[in-house]
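Now for the letters of each chain:
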Amino acid sequence: MNRYLKVIFRNLIMLILLICLGFFLPRMIPGSPLQFTEGDINVQNLRISSENFSYFEDYYAPSENIFFQFRSYIEQLRSGDWGYSFHYGLPVRNVIFSRLGFTFFLSFTSIIIGVIVALPLGISIGFKENKFKNNFLLLALIILQTIPAFLVAVIFQMIFAHHLNIFPAFGAYPPGTILQETRSLAIFMQHAILPISIISIVTIAPLAILTRNIINKVKKKNYVETAYYLGIKESRIKRNYIFLNSLPEIVGRLNIIFIYAITGSIFVEIVFSYPGMGQLIQTAVDSRDYPLIQGIFLVISLYSISVNLIFKLIQNYINPRLASENE
């Protein structure tokens, strides 16, 4: 029980630090968000009344001391109030939740595809590392892992959307689409195929390499060498001695694919103008919308902490020795 409490406490401290970071980082951007919005109201195509500006000034008090603003922000969080967006003029929570579903759809679909492809691929490379084909695959995965997600997205967009015209290049559905229509689901999926494919490719490489490395590490254990020495059938050694002993560590580190998928989604959404968190982050930063930036950072922090906490607890449960070694 103490081991689980230690994991929870450590992640709670990390969450507090991330909340503080999410508050102070946006305020490092030069200038006041209200002055920026008011001065560029025609450029931004906004129609915000003077009454709303006065409300924002009273609510956020940008002219007050930074620590006074931080205390107000923490009090608002405690009451479940994430604030109001300067840019959209709506509650931050409503704006974020209206986009969150798109990002989760892309990332979790990509995670499923990534796990299905990457685990068998990593296991195959790990068992046959001296074969030319597997060495070539490993090299390709290492190269793929070094390519940024946005660059993969740009390349795929140019080839499959612009040159070959197979998939749509932008958005989650064409303008004017009535979502209640029967064909709307097919249109939505058609727009999602290319982003999902890109995010899946980005997540496959790190998970396959991780799986291969874990397999190789277990292969060098004394009990595996002893099994070969005793003449046990190789297929049984691979299944019972290597794979089953590698599985707890692989499962315990699946958080890596969840993190890669969500970060990959953000960059891919920006390239494809997909109405998820990536596009929302770009809008929030461009308009210096402090409350929206804080809300987005809070959601991403909660997601990352939750994923790490869940998989750390799983690792502690299925293999306490391994979890203590990784601390």
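Residues numbered from 1 in each chain as written. Predicted model: local features only at pLDDT ≥ 70, side-chain atom pairs only at ≥ 80, totals over all residues. Heavy atoms only, no water.

One way to see where empty space is left: roll a probe the size of a water molecule over the atoms. For the coordinates displayed, the defined rule picks out two cavities of 30 Å³ or more. The calculated volume of the second largest cavity comes to roughly 60 Å³. Lining the second largest cavity, in full, are L100, T103, F104, I262, I266, M277, V299, I300 and Y303. At the level of secondary structure, the elements contributing two or more residues to the lining of the second largest cavity comprise α5 (92–127), α11 (255–272) and α13 (290–318). Counted by class, the lining of the second largest cavity contains eight nonpolar, one polar and no charged residues. (1 Å grid on protein atoms, 1.4 Å probe; cavity = no way out; pocket = protein on both sides within 12 Å on 5 of 7 lines; lining within 4 Å. Points joined across faces, edges and corners; volume = space filled by probe spheres on them. Helix = DSSP H or I, 4+ residues; strand = E, 2+ residues; numbered from the N terminus. Nonpolar A, V, L, I, M, F, W, Y, C, P; charged D, E, K, R; others polar.)

Evaluated as defined, the whole model comprises two salt bridges. Of the charged contacts, one joins K217 and E249 as a salt bridge, the two residues approaching to 3.0 Å between their closest N and O atoms. Of the two residues, K217 is situated in helix α8 (residues 183–219) and E249 in helix α10 (residues 234–252); the sequence distance between them amounts to 32 residues. Note on E249: relative accessible area 4%, which makes it buried. For E234, the salt bridge goes to K238, with nearest N and O atoms at 3.7 Å. Highlighted residues: E234 and K238, both in helix α10, separated by four residues, approximately one helical turn. For K238, a relative accessible area of 21% gives the class partly exposed. (Salt bridge = Lys/Arg side-chain N within 4 Å of Asp/Glu carboxyl O. Buried < 20%, exposed > 50% of the residue type's maximum accessible area, 1.4 Å probe, protein only.)

Taken together, L139, I143, I147, F150, L151, V154, I155, M158, I159, L164, I166 and F267 make up a surface patch of nonpolar side chains, about 1000 Å² in accessible area. Counting through the fold element by element, L139 comes out in helix α6 (residues 132–146). (Patch = residues over 30% accessible without salt bridge, like charges linked within 9 Å, V, L, I, M, F, W, Y side chains within 5 Å. Areas by Shrake-Rupley, 256 points an atom, 1.4 Å probe, with all protein chains shown as cover.)

Our focus in this paragraph is the packing of aromatic side chains. All chains considered together, the criterion is met by 14 aromatic pairs. Pairing F102 with Y274 gives two aromatic rings, centres 5.9 Å apart and planes at 85°, and the pair type is edge-to-face. One end of the pair, F102, is in helix α5; the other, Y274, is in the loop between α11 and α12 (277–286), and 172 residues separate them in sequence. Comparing F102 with Y274 shows no difference in burial state: the two are buried. Ring centres of F105 and F188 lie 5.3 Å apart, and the angle between their planes is 45°; on these two criteria the pair is classed as tilted. Here F105 is found in helix α5, whereas its partner F188 is found in helix α8, with 83 residues between them in sequence. On the basis of relative accessible area, F105 is assigned to the partly exposed category, the value being 25%. Overall, the relative accessible area of 17% leaves F188 in the buried class. The rings of F104, F108, F258, Y303 and F311 are connected pair by pair, giving a single aromatic cluster. (Phe/Tyr/Trp six-rings, centres within 6.5 Å; stacked < 30°, edge-to-face > 60°.)

Counting 48 residues, the largest nonpolar core has L141, I198, I242, F258, F272 and Y274 as the members making the most contacts within it. Contributing elements (two or more residues each) for this core: α5, α6, α7 (149–163), α8, α9 (222–229), α10, α11 and α13. If you tally residues by element for this core, the top one is α8, at 16 residues. With residues near it in sequence (within four places) discarded, Y274 still touches F102, F105, L106, G171, A172, F188, H191, A192, E269 and Q279. L18, F70, V95 and L292 belong to the second largest nonpolar core, which has 21 residues in total. (Core = buried A, V, L, I, M, F, W, Y, C linked by side-chain atoms within 4.5 Å. Contact = heavy atoms within 4.5 Å.)

Following the sequence through the fold, T203 ends up in helix α8. Among the polar contacts made by the side chain of T203, one reaches the main-chain carbonyl oxygen of S200 at a distance of 2.9 Å. With sequence-adjacent residues up to four places away left out, T203 is seen in contact with S110, G114, I257, Y260 and A261. (Polar contact = N/O pair within 3.5 Å; in protein donor to acceptor, adjacent residues only side chain to side chain.)

With that settled, the discussion passes to the confidence of the model for the chain. Residues of the chain with pLDDT of at least 70 account for 83%, and the chain-wide mean is 80. Looking over the chain, one finds the lowest element-wise mean pLDDT in helix α2 (residues 33–39), namely 52, and the highest in α5, namely 89. Note that pLDDT drops below 50 for residues 37–45; the model gives that stretch eleven contacts with residues more than four away or on any other chain. (pLDDT = per-residue confidence, 0-100.)

Another point: unusual backbone geometry. Positive phi, close to 55°, is recorded for N165, a residue that is not glycine. Its location among the elements puts N165 in the loop between α7 and α8. By relative accessible area, which is 61% here, N165 ends up exposed. Not every positive phi belongs to a glycine, and S273 is a case in point at roughly 50°. Looking at the element boundaries, S273 is found in the loop between α11 and α12.

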